[in-house]
Amino acid sequence: MLMAMVGIGAFCALLIVLIFEGTKERRAFLKAEALEKAIFQVIPNAKSMKPMQFIDGKLTVVDKDAKGETLYAGYNESNQLVGYAIEASGQGYADIIKILYGYDPQKQAIVGFQVLESKETPGLGDKIEKEEAFLANFISLDVTLNTDKKALANEVVTVKQGEKTNPWEVDGITGATISSRAIGDIINSSMQEMGPKIGSK
């Protein structure tokens, strides 16, 4: 019986590995497709996009499969820059939350937001993905740089639901305090780094 159990376990492990390897290309394709769709959702009016990386301090167009930290420049029908889509991640309540947000350097504001990956509690923490009042925070969230353009003039912070009074605050979700606070922290951390880099390009 022991040998049978070991044999079944080994077979199942092999089967899992084979399935994982066999579907890797398909999963990568679907992930890239979902990311591209999300990019156009978080940058209003974008009709085309280009992947870019900071190379020697300058934003440079790169191949879509380039390794390293990539952001995506969105352009309108007249090929004018309308914003950047930026990936970021941080610790949520249950696990790491990965997000994509749109940044308009002219308005110095977050203009779109989408959760890419999350394992937050269904019915509570996952409200960060679908509660309209929470998502409304990211239509025009102030991330203005300070006078020397080296940091944000005001940190992005999450406040209790209904207590938002400033344009750089995120109105949280009652019952999903940790998850909604995590989103504010992730965006603040990301913009403290990316805002000055983009602003000085």
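Preceding this section is the structure that the text describes.
Asker: What am I meant to see in the overall build of the protein chain here?
Answerer: What the protein chain contains, in helices and strands, is 4 helices and 9 strands. Of the regular secondary structure in the protein chain, the N- to C-terminal order runs α-α-β-β-β-β-β-β-α-β-β-β-α. Out of the 201 residues in the protein chain, the part that is buried amounts to 37%. Long-range contacts, defined here as pairs at least 24 residues apart, represent 50% of the contacts in the protein chain between residues at least 6 apart. When the accessible surface of the protein chain is summed, it comes to about 12000 Å², and 55% of that surface belongs to carbon and sulfur atoms.

Asker: What's the story with helix α4 (residues 177–199) in this structure? I'm lost.
Answerer: Look at α4: 32 Å from first C-alpha to last across 23 residues, which is about the 33 Å you get at 1.5 Å a residue. At Met 191, α4 is bent by approximately 35°, the largest bend along its length.

Asker: What is the right way to look at the environment of Val 157 in this model?
Answerer: Take Val 157: it is sitting in strand β8 (residues 157–159). Apart from the residues within four sequence positions on either side, Val 157 is in contact with Trp 168, Glu 169 and Val 170.

Asker: Can you walk me through the pairing of strand β5 (residues 96–104) in this structure?
Answerer: Remember that side chains alternate between the two faces of the sheet whenever the strand is regular. Counting buried positions along β5 yields 7 of 9 residues, so the element is predominantly enclosed. Both strand β4 (residues 81–91) and β5 contribute to a ladder of 8 bridges, which runs antiparallel. When the bridges of β5 are listed, Ala 85 appears paired with Gly 102. Connecting β4 to the antiparallel partner β5 that follows it, the hairpin turn spans 4 residues. As paired strands, β5 and strand β6 (residues 109–117) are joined by 7 bridges and run antiparallel to one another. By the bridge assignment for β6, Lys 98 is matched with Glu 117. The antiparallel hairpin formed by β5 and β6 contains 4 residues in its connecting segment, where Gln 108 sits at a positive phi of about 50°.

Asker: Looking at this structure, how should I read the packing of aromatic side chains?
Answerer: Within a pair of aromatic rings, the relevant descriptors are the distance that separates the centres and the angle that separates the planes. Applying the stated criterion across every chain yields a total of 3 aromatic pairs. Taking 6.4 Å as the distance between ring centres and 85° as the angle between the ring planes, the aromatic pair formed by Phe 113 and Phe 134 counts as edge-to-face. Within this pair, whereas Phe 113 is found in strand β6, its partner Phe 134 is found in helix α3 (residues 132–135), the two being separated by 21 residues in sequence. For the pair Phe 113 and Phe 134, a shared accessibility class is recorded, and that class is buried. Grouping aromatic residues by their ring pairs yields a cluster made of Phe 113, Phe 134 and Phe 138. Lys 50 extends its terminal NZ or CZ atom over the ring of Tyr 75, reaching a point 5.2 Å from the ring centre.

Calculation criteria
Residues numbered from 1 in each chain as written. Predicted model: local features only at pLDDT ≥ 70, side-chain atom pairs only at ≥ 80, totals over all residues. Heavy atoms only, no water. Helix = DSSP H or I, 4+ residues; strand = E, 2+ residues; numbered from the N terminus. Buried < 20%, exposed > 50% of the residue type's maximum accessible area, 1.4 Å probe, protein only. Contact = heavy atoms within 4.5 Å. Areas by Shrake-Rupley, 256 points an atom, 1.4 Å probe, with all protein chains shown as cover. Expected span 1.5 Å × (residues − 1). Bend = angle between axes of the 7 residues up to and from the residue. Pairing = 2+ DSSP bridges. Phe/Tyr/Trp six-rings, centres within 6.5 Å; stacked < 30°, edge-to-face > 60°. Lys NZ or Arg CZ within 6 Å of the ring centre and 35° of its normal.

Everything listed here is a matter of coordinates, which is why it stays silent on function.
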